[in-house]
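Analysis of the macromolecular model
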Amino acid sequence: MGKQKKRWLKIFGLIIIVLGIGFAIAHYVVKSKIENALTSKLPETVKLTYGDLGVSLLQGKITLSKVKMTNFGKTIPEPNLEMTLEQLIIDGFGYWSFLVNKAIFIEAVILNSPKVTYHHNPNISKEAYKVSNKQSFNTSIEVKQLLLNQGFIKILNSETDSLKLQMEEVDISLNEIVYNNTKKNRIPFDHGTYQVRFQKFFGQLSDYENLRISEAALTQESIALRDLTLRTKYSKETLSKIIPYERDHFNLQVDSLVVKQPNLGVVKDTIWKFESPKVAFHNPVFKVYRDKLVTDDERIKPLYSKMLRELKFQLDLERVLIHEADISYSEKVKADKKAGTVTFKAFNADIQKVSNTYKSPTKTVLNIETRFMNHAPLKAVWSFDVNNQEDLFEFQAEIDLLQARYLNSFTEPNLNVRLEGELDKTYFTISGTDDASSIDFKVKYQDFDVVALRDNGQEKNKFLSDVINIFVSKNSRSKQSSFKEATKDNIERHKTQSVFNFIWISARAGLLKTMTID
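Notes on the structure in this doc start here. (Residues numbered from 1 in each chain as written. Predicted model: local features only at pLDDT ≥ 70, side-chain atom pairs only at ≥ 80, totals over all residues. Heavy atoms only, no water.)

**With respect to the overall build of the chain**
Summing up its helical and strand segments, the chain has 7 helices and 26 strands in all. Evaluated residue by residue, the chain yields a buried proportion of 36% over its 518 residues. For the chain, long-range pairs separated by at least 24 residues make up 60% of all intrachain contacts whose partners lie at least 6 apart in sequence. (Helix = DSSP H or I, 4+ residues; strand = E, 2+ residues; numbered from the N terminus. Buried < 20%, exposed > 50% of the residue type's maximum accessible area, 1.4 Å probe, protein only. Contact = heavy atoms within 4.5 Å.)

Printed below as a string of structure tokens:
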């Protein structure tokens, strides 16, 4: 071998050795800096431990295993946040981007089996959680993909240790994440496509109701929730004992809820918005019970138009569909009687423009078809304009053959009255505002009889029944028509009662006027 060749081999070997030593030193320095940052650069309230730290300079990869992070409150010594991770992987760190452009670029961030427990303190104001702009992070960050696998999230009430929220089997895939705080947006980052899945969701909606979801899948194309339940966590009897005033006892079950193309965003950096072209509820079963023996709730109940108009965020749902619902409402009026019940079977609704963003003359319109009291076909159209400050609305309904005896499940326990006969066909139109309504009522009926009952709810009170029926027509037929029509104006709304109470007292006023002997 020539001297020249040996010389070059020595130089090349020396270069390799120097590079190797340099790489080893760089690896040691980088790993030491990361270890130092994890132990000394974290806030005083954060404690972090981990099992192993792996660093690959060539791949720009950092791996932490068996991670445990605990955050302690500033005023309370107990931890308010605990998180464990089987593995944290930061892969594809862009050195050139960081050194030259002072920007962070990462190919992927992967969190394997994170378990998060947060202790919520209801006594701490929302303002305490806000971060000052002086502490804002000004470096731009771009993450190609964020993956969270097999997560578990739990939120507890720090005072009572009761469960407020829990999610299991959480999987998240979020792509093209870009953080740039110089925009000063309410949401300081943008993102591309995403997928979120979780199972066995539990959420405490209030002191009285809980929400459960068996399975959920969220993408930019749709939100799909399966086996959703919203229930009062107390029995009917217990609820009546602990509430300060009247409150509905709920039991809602929904096979599935689908939201198409959901869009949650911010308008002018201040107002939240949510929009979707279509929301569909499939096979909901909704049972509502109200104990009228509890103290009345004297708060004003706004109409739906006002409720939408005064939302704190922008809502725009083009269509809301309800498929094959089963709805029942029970009301207990007398302590010694069971609750009276009204039912709607095979309830289908197509609701257009559930929104507070449209302009007049566009309206919110509800088209409803159902079987009233299990058998009578009912069609209704309900419309209003959220922009109308008087809350003007119109409610049109058409009911086919209704056997009066089916109404007795409500009238007997609540009114001590039994109805007999049938209403062959009923039409009515209610027009109203937040203050009062008027109704045009048209009905065809025959062999109608009102039976007043004694206090025991079983025996007929013959005298009172005879007196009532002096004023009630047996049928609607006259020389001019088989229908009887009536108009009733200035039906005053009881503003401390619900929207449906307003519809009910308006319809009742029309029915009584058509059946009363002139």
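Back to the text.
**So, helix H7 (residues 499-515)**
The first and last C-alpha atoms of H7 sit 25 Å apart over 17 residues, in line with the 24 Å expected at 1.5 Å per residue. Three or more residues of H7 are buried, namely Val-499, Asn-501, Phe-502, Ile-503, Ile-505, Ser-506, Ala-507, Ala-509, Gly-510, Thr-514 and Met-515. On its buried face, H7 sits against helix H4 (304-309), strand E21 (376-384), strand E22 (393-399), strand E24 (417-432), strand E25 (436-452) and strand E26 (484-492). (Expected span 1.5 Å × (residues − 1).)

**Quick notes on the pattern of salt bridges**
Tallying each qualifying case throughout the model produces 20 salt bridges. Glu-318 is paired through a salt bridge with Lys-353; the nearest N and O atoms lie 3.0 Å apart. With Glu-318 in strand E18 (residues 314-332) and Lys-353 in strand E19 (residues 340-355), this residue pair connects regions lying 35 residues apart in the sequence. Looking at Glu-318, the relative accessible area reads 36%, which means it is partly exposed. We note a salt bridge from Asp-326 to Lys-345, for which the minimum N-O separation is 2.9 Å. Taken together, the positions of Asp-326 in strand E18 and Lys-345 in strand E19 put the pair 19 residues apart, joining distant regions of the chain. Each member of the salt-bridge network shares a partner with another, and the members are Glu-246, Asp-248, Arg-290 and Lys-292. (Salt bridge = Lys/Arg side-chain N within 4 Å of Asp/Glu carboxyl O.)

**Details of the pairing of E22**
Alternating residues of E22 divide into Phe-393, Phe-395, Ala-397 and Ile-399, all buried, and Glu-394, Gln-396 and Glu-398, none buried. With 7 bridges joining them, E21 and E22 adopt antiparallel strand pairing. Looking at the pairing, Ala-380 lines up with Ala-397 of E22. Both E22 and E24 contribute to a ladder of 7 bridges, which runs antiparallel. When the bridges of E24 are listed, Phe-395 appears paired with Ile-430. (Pairing = 2+ DSSP bridges.)

**Things to note about helix H5 (residues 408-415)**
Along an α-helix, a turn takes 3.6 residues, which lines up residues three or four apart on a common side. Within H5, the full set of buried residues consists of Asn-408, Phe-410, Thr-411, Pro-413 and Asn-414. Looking at the buried side of H5, the elements it contacts are E18, E19 and E24.

**Some points on the packing of aromatic side chains**
One pass over the full model with this rule turns up 13 aromatic pairs. With a centroid separation of 5.3 Å and an interplanar angle of 75°, the aromatic rings of Trp-382 and Phe-395 are classed as edge-to-face. Placement of the pair is Trp-382 in strand E21 and Phe-395 in strand E22, with a sequence separation of 13 residues. Assessed through its relative accessible area of 6%, Trp-382 is described here as buried. (Phe/Tyr/Trp six-rings, centres within 6.5 Å; stacked < 30°, edge-to-face > 60°.)

**Observations regarding the nonpolar core**
Judged by nonpolar contacts, the single largest core of 68 residues is most densely connected at Phe-372, Trp-382, Phe-393, Phe-395, Phe-428 and Phe-448. Looking at which element gives the most residues to this core, the answer is H7, with 7 residues. In this view, Trp-382 contacts Tyr-304, Thr-364, Val-365, Leu-366, Phe-393, Glu-394, Phe-395, Val-499, Phe-500 and Ile-503; residues no more than four positions away in its chain are not counted. Membership of the second largest hydrophobic core comes to 14 residues, among which are Ile-104, Val-109, Leu-111 and Ile-177. (Core = buried A, V, L, I, M, F, W, Y, C linked by side-chain atoms within 4.5 Å.)

**Thoughts on the environment of Arg-309**
Assignment of secondary structure puts Arg-309 in helix H4. If we skip the residues at most four places from it in the chain, Arg-309 touches Asn-356, Val-386, Asn-388, Gln-389 and Asp-391. Here Asn-388 takes part through its backbone oxygen, which lies 3.2 Å from a polar atom of the side chain of Arg-309. (Polar contact = N/O pair within 3.5 Å; in protein donor to acceptor, adjacent residues only side chain to side chain.)

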